[in-house]
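Observations on the model geometry
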Amino acid sequence: ILVARRAIEKELARLAAINATDEEIAEMWAIQRSQFEHASRSDETAEQDVQFHRAIARASRNPVLISAIEMIRQDGQLTPIFEYIRKMVHSVISYDHAQIILAIENRDPNQAEQAMVRHIENLISDVNRYWNEVEEFKEDKNENNKEKTK
């Protein structure tokens, strides 16, 4: 899913840098600020994450890509799961989002694309790190159980 998101959302960010209105950029900043405030209180931020990515999609003005990303993001369970994983590995997304908005605000399609790719790759890395930690924990637990049975 994240690989598909990376492919589509990099293009959405590129197009948003070309097509976004000042009002849409202001909306992105408001969502990012809200997400940062929620995160600083350790509140859930999944809703703001979805709003943020939808705002970029709308600003792209490409209905085919908007439909594609909505189809991929249909499962509302994934965003909270990704949020949980990022918390467990102590990762913060508000910085990534700010970099994407800055590139869009600067009307730099290449930078917007790169910032979005970096954002999704950071998420992929966080998921991989989380699963590696889970596997290490399971291995340690199995080792401890083996030692107890000796």
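Residues numbered from 1 in each chain as written. Predicted model: local features only at pLDDT ≥ 70, side-chain atom pairs only at ≥ 80, totals over all residues. Heavy atoms only, no water.

Along its length, the chain carries seven helices and zero strands. By its C-alpha atoms, the chain is 70 × 30 × 25 Å across when sized along the principal axes. Out of the 150 residues in the chain, the part that is buried amounts to 41%. Counting every atom, the chain has about 8800 Å² of accessible surface; 52% of that belongs to carbon and sulfur. (Helix = DSSP H or I, 4+ residues; strand = E, 2+ residues; numbered from the N terminus. Buried < 20%, exposed > 50% of the residue type's maximum accessible area, 1.4 Å probe, protein only. Areas by Shrake-Rupley, 256 points an atom, 1.4 Å probe, with all protein chains shown as cover.)

Below, the discussion takes up the layout of surface pockets. A volume near 380 Å³ is recorded for the largest pocket. What lines the largest pocket is a set of 20 residues, among which Thr45, Glu83, Arg86, Ser91 and Ile93 lie closest to the centre. Listing elements by their share of the lining of the largest pocket, those giving two or more residues are α2 (22-40), α3 (46-60), α5 (78-88) and α7 (109-148). Ranked by the residues each element gives to the lining of the largest pocket, the list is headed by α5, at five residues. For the lining of the largest pocket, the class distribution of residues is six nonpolar, eight polar and six charged. (1 Å grid on protein atoms, 1.4 Å probe; cavity = no way out; pocket = protein on both sides within 12 Å on 5 of 7 lines; lining within 4 Å. Points joined across faces, edges and corners; volume = space filled by probe spheres on them. Nonpolar A, V, L, I, M, F, W, Y, C, P; charged D, E, K, R; others polar.)

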